[in-house]
Amino acid sequence: MGFSVGVVGKPSSGKTSFTNAACMTDFKVGNYPFTTIQANVAVTYVRTPCACRVFGVKDNPKNSACIDGIRMIPVKMIDVAGLVPGAHEGKGLGNQFLDDLRQADVLIHIVDTSGSTNSEGQEVAAGSHDPLEDVKFLEDEVTEWMFSVVQKDWRRISGRVKAESAKVDELLLEKLTGLNISRAHILKAIRDAGLKAEAADKWTDDDVKKFVTILRKVAKPIIIAANKIDRPTAEQNLKRLEKAYPDTLVVPVSALAEKALRDMDKKGIIKYIPGNDDFEILQPERLKENERTQLDKLKKDLLKKYGGTGVQGILNRAVFEYLHMIAVYPVHDPNSLSDGDGNVLPDVYLVPEGTTAKEFAGVIHTDLMESFIHAIDARTKMRISDKTVLKNGDVIKIVSAKGTK
Ligand SMILES: Nc1nc2c(ncn2[C@@H]2O[C@H](COP(=O)(O)OP(=O)(O)OP(=O)(O)O)[C@@H](O)[C@H]2O)c(=O)[nH]1
Ligand SMILES: [Mg+2]
């Protein structure tokens, strides 16, 4: 599966609750630190209007699902153990589990916005801990982790740049490719740090640190889920978080409410579509009076106030708005929009904005890219060249010398 989201934060901030709500799993949740030790891996979905509606066809999705004209694209979610300040030096559970985040394309930082847990994740009086501190330390810990990976090998890398005029981006790529970091990420970080790749043997410790700090932002962007927004002390802190991090995506979230709504939907008591700011009660007779009151309160104080529980919202916004990914559908036959077996609009892939037709072929299969001839846009039925930049919702046939898709 293509896209991966890492779920990070201090202990007891609600990482596993968020994962359970997003993926409908039942991983262990607890109000004490380090409930999670081994990473939990599950699948969630981002939602986007499906091309079937635009083309007016009935589809047969294979690598995804389509519900009422909404295409659900699977995304891998990795819920890791809680991080405490000093984790990169071995505090708490140490930084081993940071390795669980290697494949993540983006990190969702689950913050206890209600301020009712301290930096170690222990319960404290609601509102007494400042969640702004949590954001700062988490960014630092992830950067320190990346820094330690680069630093471990820096002598050898700078030595080779000096002795053999080796390319620093190539050596760094070898080192960092396992962290899902690309050459483009590395080159951008070198450029943005104002450093010169040819002079890497002369980079000071501070230069390397600066490079890694920017690389972390480029390759593992962190967005903020302001969780536990259902608690009274959270609202004020949400405003402070938004003000302190104007360039970061900050979304109010209640993992607890989302899981409760999805569970009731599964039982058929209500109809709730994740991401919506409303639900419909289907079987009122199955609700006790206090449950009914709680549901009314949840609708008024959370769904209507914040536009939803934020769980689906933050995923969609992270992928489409913040990371600028687009959804593209490959087909075998641009007229029937089907694959070789007659399935209509079977697959959809998330690719970064700016992806060309030829690069898209490479996302499906390396062979398709290598033998790429041209592509056909199913909407216009026109040929498009290798360099044509694709758009969100495009349906594309790749014509290649080795076979077609
Ligand atoms: N009120 C409220 N409580 C929540 C919410 N999300 C999680 N909690 C509670 O916070 C506590 C910790 O939840 P977990 O999901 O286990 O937290 P975690 O971050 O995975 O914790 P570790 O695995 O120990 O790092 C539990 O008591 C949850 O019920 C929320 O949105 N609202
Ligand atoms: Mg957990």
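Look above for the structure.
A quick note: this is a predicted structure, and the numbers were derived from the prediction, not measured. (Residues numbered from 1 in each chain as written. Chains lettered and ligands numbered in written order. Predicted model: local features only at pLDDT ≥ 70, side-chain atom pairs only at ≥ 80, totals over all residues. Heavy atoms only, no water.)

A.B. asks: Just give me the short version of the packing of aromatic side chains, but keep the residues and values in it.
C.D. replies: One pass over the full model with this rule turns up 3 aromatic pairs. Relative to phenylalanine 211, the ring of tryptophan 203 has its centre 5.6 Å away and its plane inclined at 45°; by these criteria the two rings are tilted. Tryptophan 203 gets classed as buried once you look at its relative accessible area, which sits at 8%. Geometrically, the ring pair formed by tyrosine 349 and phenylalanine 360 is edge-to-face, given 6.1 Å between the ring centres and 80° between the ring planes. Placement of tyrosine 349 in strand β11 (residues 349-352) and of phenylalanine 360 in helix α12 (residues 357-364) is noted, with a sequence separation of 11 residues between them. In this structure an aromatic cluster arises from ring pairing among Trp154, Trp203 and Phe211. The lysine or arginine in question, lysine 209, covers the ring of phenylalanine 147, its NZ or CZ lying 4.8 Å from the ring centre. (Phe/Tyr/Trp six-rings, centres within 6.5 Å; stacked < 30°, edge-to-face > 60°. Buried < 20%, exposed > 50% of the residue type's maximum accessible area, 1.4 Å probe, protein only. Helix = DSSP H or I, 4+ residues; strand = E, 2+ residues; numbered from the N terminus. Lys NZ or Arg CZ within 6 Å of the ring centre and 35° of its normal.)

A.B. asks: Hey, could you go over the packing of helix α4 (residues 154-164) against helix α5 (residues 168-176) for me, with residue numbers and the actual values?
C.D. replies: Their axes nearest at 9 Å, the elements α4 and α5 cross at an angle of 150°. Comparing their axes, α5 and α4 come out roughly antiparallel. For the element pair α4 and α5, the recorded crossing hand is right-handed. On α5, the residues that touch Trp154, Ile157, Arg160 and Val161 of α4 are Val168, Leu171 and Leu172. Class assignment of the residues belonging to the contact of α4 with α5 gives a composition of 6 nonpolar, no polar and 1 charged. (Axes fitted to C-alpha atoms, helices over the stretch in contact; angles between N-to-C directions. Parallel < 35°, antiparallel > 145°, perpendicular 65-115°, else oblique. Left-handed = near helix turned anticlockwise from the far one by under 90°. Contact = heavy atoms within 4.5 Å. Nonpolar A, V, L, I, M, F, W, Y, C, P; charged D, E, K, R; others polar.)

A.B. asks: Can you break down unusual backbone geometry residue by residue, with the values?
C.D. replies: Positioned with a positive phi, serine 12 is a non-glycine residue whose angle comes to about 65°. Note that serine 12 resides in the loop between β1 (4-8) and α1 (15-23). Looking at serine 12, the relative accessible area reads 16%, which means it is buried. Its identity as a non-glycine residue notwithstanding, leucine 345 has a phi of 45°, on the positive side. Considering the arrangement of structural elements, one finds leucine 345 in the loop between β10 (325-330) and β11.

A.B. asks: So what's going on with the layout of surface pockets? Residues and values would help.
C.D. replies: Approximately 1,600 Å³ is the volume found for the largest pocket. As for the largest pocket, its lining consists of 47 residues, and the residues nearest its centre are Phe3, Asp105, His185, Met325 and Pro352. Breaking the lining of the largest pocket down by element, the ones donating at least two residues are β4 (70-79), α3 (131-152), α6 (183-192), α7 (205-219), β11, α12 and α13 (366-370). Top element by residues in the lining of the largest pocket is α7. It accounts for 6 residues. (1 Å grid on protein atoms, 1.4 Å probe; cavity = no way out; pocket = protein on both sides within 12 Å on 5 of 7 lines; lining within 4 Å. Points joined across faces, edges and corners; volume = space filled by probe spheres on them.)

A.B. asks: Run through the coordination of the magnesium ion (ligand 2), naming residues and quoting values.
C.D. replies: As a benchmark, a tetrahedral metal site with four donors has ideal angles of 109.5 degrees, while an octahedral site with six donors has ideal angles of 90 or 180 degrees. In this structure, Thr16 (OG1) and Thr36 (OG1) serve as the protein donors to the magnesium ion (ligand 2), at separations of 2.0 to 2.1 Å. Residue threonine 16 is located in helix α1, and its partner threonine 36 is located in the loop between α1 and β2 (40-49); the two are separated by 20 residues in the primary sequence. (Donors = N, O, S within 2.8 Å, 3.2 Å for Na, K, Ca; no water.)

A.B. asks: Let's hear about the site of ligand 1: which residues, and what values?
C.D. replies: In the neighbourhood of ligand 1, 24 residues make up the surrounding shell, with Lys15, Ser17, Thr35, Thr36 and Asp230 lying closest. One of the backbone N or O atoms of serine 12 is found 2.9 Å from an oxygen atom in ligand 1. Summarising the interface, the protein chains cover 90% of the accessible area of ligand 1, which totals 660 Å² for the free molecule. Elements with a minimum of two residues in the shell around ligand 1: α1 and α9 (255-266). (Near = heavy atom within 4 Å. Polar contact = N/O pair within 3.5 Å; in protein donor to acceptor, adjacent residues only side chain to side chain. Areas by Shrake-Rupley, 256 points an atom, 1.4 Å probe, with all protein chains shown as cover.)

A.B. asks: Requested: an account of the pattern of salt bridges, with residues and values cited.
C.D. replies: Scanning the model with the defined rule gives 28 salt bridges in all. Note that lysine 228 is salt-bridged to aspartate 112, the shortest N-O span being 3.5 Å. Separated by 116 residues along the polypeptide, lysine 228 in the loop between β6 (222-227) and α8 (234-244) and aspartate 112 in strand β5 (residues 106-112) bring together distant segments of the chain. Judged by its relative accessible area of 19%, lysine 228 is buried. (Salt bridge = Lys/Arg side-chain N within 4 Å of Asp/Glu carboxyl O.)

A.B. asks: Outline the side chain of aspartate 377, listing residues and values.
C.D. replies: Tracing the backbone through its elements, the reader meets aspartate 377 in strand β12 (residues 372-377). Put simply, aspartate 377 is tucked away with no salt bridge, and the nearest opposite charge, on lysine 391, sits 4.4 Å away. A distance of 2.9 Å separates a polar atom in the side chain of aspartate 377 from the backbone nitrogen of arginine 379. (Lys, Arg positive; Asp, Glu negative; His and termini not counted.)

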